[in-house]
Amino acid sequence: MTAAANDRHWFEALAEHMGPAYLRYSFTKGTRQEVASLVELLGLEPGQRVLDVGCGPGRHSLALAELGFDVVGVDIAERFVRLANEAAVSSGLDERATFTVADARALPFDGEFDAVISLCQGAFGLAGGAGAHLELPRRELDEPILDGIARALRPGGVAAISAFSAYFQIRFLEAFDTFDAVTGVNHETTEVRDPDGRAMPADLWTTCFTPRELRLLARAVGLEPVAIHGVTPGAYGPHDASTDCPEFLLLARRGQPDR
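These notes cover the structure that comes with them. Nothing here was measured: the structure is a model prediction, and the numbers come from that model.

1. Side note on the pattern of salt bridges
Okay, so step 1: In this structure the tally under the stated criterion is 14 salt bridges.
Okay, so step 2: Salt-bridge contacts for Arg-105 lead to Asp-103; the nearest nitrogen and oxygen are separated by 2.6 Å. Comparing Arg-105 with Asp-103 shows no difference in burial state: the two are buried.
Okay, so step 3: Each of Asp-194, Asp-196 and Arg-198 takes part in a single network of salt bridges with overlapping partners.

Okay, structure coming up:
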């Protein structure tokens, strides 16, 4: 699957079905802690411009806007973008937080942001699919997303990207999971519910990473890794990466231009 592909991303139908019910999932409840931790870890200051890639219904973007940041959120799911814009208006944050539909595999930004975030597999980690193995070895699945993140940053700008841990996924592989060792993509069969509780069968395709892979991918697109922490939703911080943490948080910086 490439940025030029015209096929609908598999996540769009899930987002359309879930709508605001997405925010009922437990992993969405730690938003304020995650944002406060990122502001500290990245050394951000109010007034800076932040891009939220795979923003979903806008929970991280809105929390940043409340702290005085100017935020642009992008997501491939039209329903999530509508919900995010509605939430920005209803909370009086629409002058600081704006949301638009965009494919993270083809981000249109060039050197516009002080910081970029992509959290909770909102975009990075979701480029795999049923035919993901056919895309290799031409380019790693999520490399175009990371490349767009790097291009969106001003020189010296910083990025925070969360990714599922391949170590954790293999260690705690569930009966309803199938892990592809060639691509690093985990296929999970599950169901998602709409606001009225109606269930829809769902196939989730999530790429998992090791810290070494994250460092190599970052450097391949011009980002210099600063740190990789082991995190859990709602418990971000400068924690050592280990096989016990479900996610890794990559912190990286775009280099200054040569003088």
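2. Some details on the environment of Arg-212
Okay, so step 1: Along the chain, Arg-212 falls in helix α7 (residues 211–220).
Okay, so step 2: A sequence separation of 16 residues divides Arg-212 from Ile-228, and the C-alpha atoms of the two residues are 9.5 Å apart.

3. Considering the nonpolar core
Okay, so step 1: Core analysis: the biggest nonpolar cluster contains 49 residues, and Leu-51, Val-53, Phe-124, Leu-146 and Ile-149 have the highest contact counts within it.
Okay, so step 2: The contacts of Leu-146, once residues within four sequence positions are left out, are Phe-124, Ile-161, Leu-217, Ala-218, Val-221 and Leu-223.
Okay, so step 3: Leu-44, Ala-63, Tyr-236 and Leu-251 belong to the second-largest nonpolar core, a separate cluster that totals 20 residues.

4. Quick word on the state of the cysteines
Okay, so step 1: Here the structure, examined in full by the defined rule, presents 0 disulfides.
Okay, so step 2: Among the cysteines around Cys-55, which has no disulfide bond, Cys-120 carries the closest sulfur, lying 12 Å off.
Okay, so step 3: Note on Cys-55: relative accessible area 5%, which makes it buried.

5. Focus: the packing of aromatic side chains
Okay, so step 1: Evaluation of the coordinates by the stated rule reveals 9 aromatic pairs.
Okay, so step 2: With centroids separated by 5.0 Å and ring planes inclined at 55°, the aromatic side chains of Tyr-22 and Phe-80 adopt a geometry described as tilted. Of this pair, Tyr-22 sits in the loop between α1 (10–18) and α2 (31–42) while Phe-80 sits in helix α4 (residues 78–90); the two residues are 58 residues apart in sequence, bridging distant segments of the chain. Across the pair, exposure class does not vary: Tyr-22 and Phe-80 are buried alike.
Okay, so step 3: An aromatic cluster is present here, built from Trp-10, Phe-11, Tyr-22, Tyr-25, Phe-27 and Phe-80 joined pairwise through their rings.

6. A word on the side chain of Arg-105
Okay, so step 1: With respect to the secondary-structure elements, Arg-105 resides in the loop between β3 (97–101) and β4 (113–118).
Okay, so step 2: At 2.6 Å, the side chain of Arg-105 forms a polar contact with the side chain of Asp-103.

7. What to know about unusual backbone geometry
Okay, so step 1: Despite not being glycine, Cys-120 has its phi angle at roughly 55°, a positive value.
Okay, so step 2: Within the fold, Cys-120 resides in the loop between β4 and α5 (143–152).
Okay, so step 3: Looking at Cys-120, the relative accessible area reads 10%, which means it is buried.
Okay, so step 4: Phi angles above zero are rare outside glycine, and Gln-121 is one such case at about 55°.
Okay, so step 5: With respect to the helices and strands, the residue Gln-121 is situated in the loop between β4 and α5.
Okay, so step 6: We classify Gln-121 as buried; its relative accessible area is 8%.

Rules of the game
- Residues numbered from 1 in each chain as written.
- Predicted model: local features only at pLDDT ≥ 70, side-chain atom pairs only at ≥ 80, totals over all residues.
- Heavy atoms only, no water.
- Salt bridge = Lys/Arg side-chain N within 4 Å of Asp/Glu carboxyl O.
- Buried < 20%, exposed > 50% of the residue type's maximum accessible area, 1.4 Å probe, protein only.
- Helix = DSSP H or I, 4+ residues; strand = E, 2+ residues; numbered from the N terminus.
- Core = buried A, V, L, I, M, F, W, Y, C linked by side-chain atoms within 4.5 Å.
- Contact = heavy atoms within 4.5 Å.
- Disulfide = S-S within 2.5 Å.
- Phe/Tyr/Trp six-rings, centres within 6.5 Å; stacked < 30°, edge-to-face > 60°.
- Polar contact = N/O pair within 3.5 Å; in protein donor to acceptor, adjacent residues only side chain to side chain.

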